[in-house]
Structure formats: structure tokens, C-alpha cells
Amino acid sequence: LLATMRASLAELIKAVKGVVVMSASLEAMLSSIHNSVVPELWANMAYPSLKPLSSWVRDLHARVAFFKAWTDRGAAPFVFMLPAFFFPQGLVTAMLQNHARAYSIAIDALSFKFNVRSEAPDSSAVTEAPTDGVLIEGLWLPA
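Reference entry: report on the structure contained in this document. The structure displayed is predicted, hence computed values, not measured ones. (Residues numbered from 1 in each chain as written. Predicted model: local features only at pLDDT ≥ 70, side-chain atom pairs only at ≥ 80, totals over all residues. Heavy atoms only, no water.)

## A closer look at the side chain of Asp 59
Item 1. Looking at the element boundaries, Asp 59 is found in helix H4 (residues 53-73).
Item 2. The residues contacting Asp 59, other than those within four sequence positions of it, are Tyr 47 and Lys 51. (Helix = DSSP H or I, 4+ residues; strand = E, 2+ residues; numbered from the N terminus. Contact = heavy atoms within 4.5 Å.)

Spelled out as C-alpha cells, the structure:
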């Protein structure tokens with residue numbers, strides 16, 4: 001996705017400057033950007049989202065930063081950003097599997113227990129992972 005965005009934006013800049021011919025796909029992309037809509041080329045490669053372009057780019061940046069920090073650190077984060085995952089059910093299943101393996105319990109016998117906080121903690125202030133379970137941010141529940 002990021003490589004496609006970089007390449008398509010470079011082509012669009014060239015087309016706007018008149019260095020290359022403005023193709024129909026570049027014109028559609030320019031129109032999308034002008035209308036604050038995620039260009040179709042990017043949307044086809046990305047996670048589903050109904051956000052306008054500016055919010056979508058901020059969200060993409062947060063997702064990329066989360067996964068980059070994870071890989072730079074070389075270990076699982078202390079707080080997981082649930083909305084960053086394209087398939088969050090996979091993360092939830094992995095949590096169950098890790099707990100089942102640690103305590104030699106059948107995964108089918110496990111269920112979730114949630115401790116919902118009234119205020120979101122500052123995830124950067126968390127210095128260690130909980131002994132059991134995981135900390136998640138970005139789970140929105142209707143009131």
C-alpha cells in the first residue's frame with residue numbers, strides 16, 4: 001500500500017507539472033484527492049474504511065507507526081492498538097492461544113474477562129505488560 005501510494009503520488013505530481021500525460025486513472029486520483037476521498041487505487045489495497053482522506057491518512061500513519069514500533073522493539077507491545085489490525089479477531093485468538101499454552105488449558109475452555117477503564121491510559125506511560133492478559137486501546141463501546 002505504501003509503495004503504491006508513493007509511486008502513484010510521484011506520477012500524479014509529474015502529470016500535474018506536465019512532464020507526463022495525465023491518464024484517466026491519474027485524473028480520477030486527482031479528483032478523489034480534491035474531494036477528500038481515498039483514491040480507488042489506494043482503497044483497493046487498504047483496509048476497509050469510510051473515513052475522508054485526511055482522517056484516513058492520519059489513521060494509516062498511526063497504524064504504520066504502531067507496527068513499526070513493534071518491529072523496532074523486537075517484542076510484543078505492552079499495549080495493543082486494536083484498530084490497527086486488519087483482522088483483529090486474529091489478535092484475539094492469539095491471546096487465547098498464548099494463555100492456553102502458558103497454563104496448559106484447552107483453548108475451548110477459555111473465555112474473556114474485561115476490565116473497562118473509565119479513562120484511557122496513556123499507552124506510552126505503560127512500562128510493562130500485565131502478567132496475565134493484555135492491554136488494548138481503541139476498543140469503542142456504545143454507551
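That shown, we press on.
## Description of unusual backbone geometry
One can expect most non-glycine residues to show negative phi and most peptide bonds to be in trans.
Item 1. The phi dihedral of Ser 36 falls on the positive side, at around 60°, and the residue is not glycine.
Item 2. Mapped onto the fold, Ser 36 is located in the loop between helix H2 (24-34) and helix H3 (40-43).
Item 3. Residues other than glycine seldom take positive phi values, yet Ser 104 does so here, at roughly 50°.
Item 4. Mapping Ser 104 onto the fold places it in the loop between helix H5 (88-103) and strand E2 (135-137).

## Focus: the pattern of salt bridges
Any two side chains of opposite charge can pair, given that their charged atoms come close.
Item 1. Per the counting criterion, the structure on display carries 4 salt bridges.
Item 2. Ionic pairing is found between Glu 11 and Lys 14, a salt bridge with its closest N-O pair at 3.7 Å. With Glu 11 and Lys 14 both in helix H1 (residues 2-17), this residue pair falls 3 residues apart, about one helical turn.
Item 3. You can call Lys 14 partly exposed: its relative accessible area is 37%.
Item 4. Across the pair Asp 72 and Lys 68 runs a salt bridge, and its minimum N-O distance is 2.6 Å. Taken together, the residues span about one helical turn, with Asp 72 and Lys 68 both in helix H4 at a distance of 4 residues.
Item 5. In this structure Asp 72 comes out as exposed when scored by relative accessible area, which is 55%.
Item 6. Taking the relative accessible area as the measure of exposure, Lys 68 reaches 48% and is therefore partly exposed.
Item 7. Where salt bridges share partners, they join Lys 51, Asp 59 and Arg 63 into one cluster. (Salt bridge = Lys/Arg side-chain N within 4 Å of Asp/Glu carboxyl O. Buried < 20%, exposed > 50% of the residue type's maximum accessible area, 1.4 Å probe, protein only.)

## Overview of the nonpolar core
Item 1. Counting 12 residues, the largest nonpolar core is built from Met 5, Leu 12, Ala 15, Leu 26, Met 29, Val 38, Trp 42, Ala 46, Tyr 47, Leu 53, Trp 56 and Leu 60.
Item 2. Sorting the residues of this core by element identifies H1, H2 and H4 as the ones contributing at least two each.
Item 3. If near-sequence neighbours (up to four positions away) are discounted, Ala 46 is found in contact with Leu 1, Trp 56 and Phe 86.
Item 4. Core analysis: the next-biggest nonpolar cluster, separate from the first, contains 8 residues, Met 81, Leu 82, Phe 85 and Met 95 among them. (Core = buried A, V, L, I, M, F, W, Y, C linked by side-chain atoms within 4.5 Å.)

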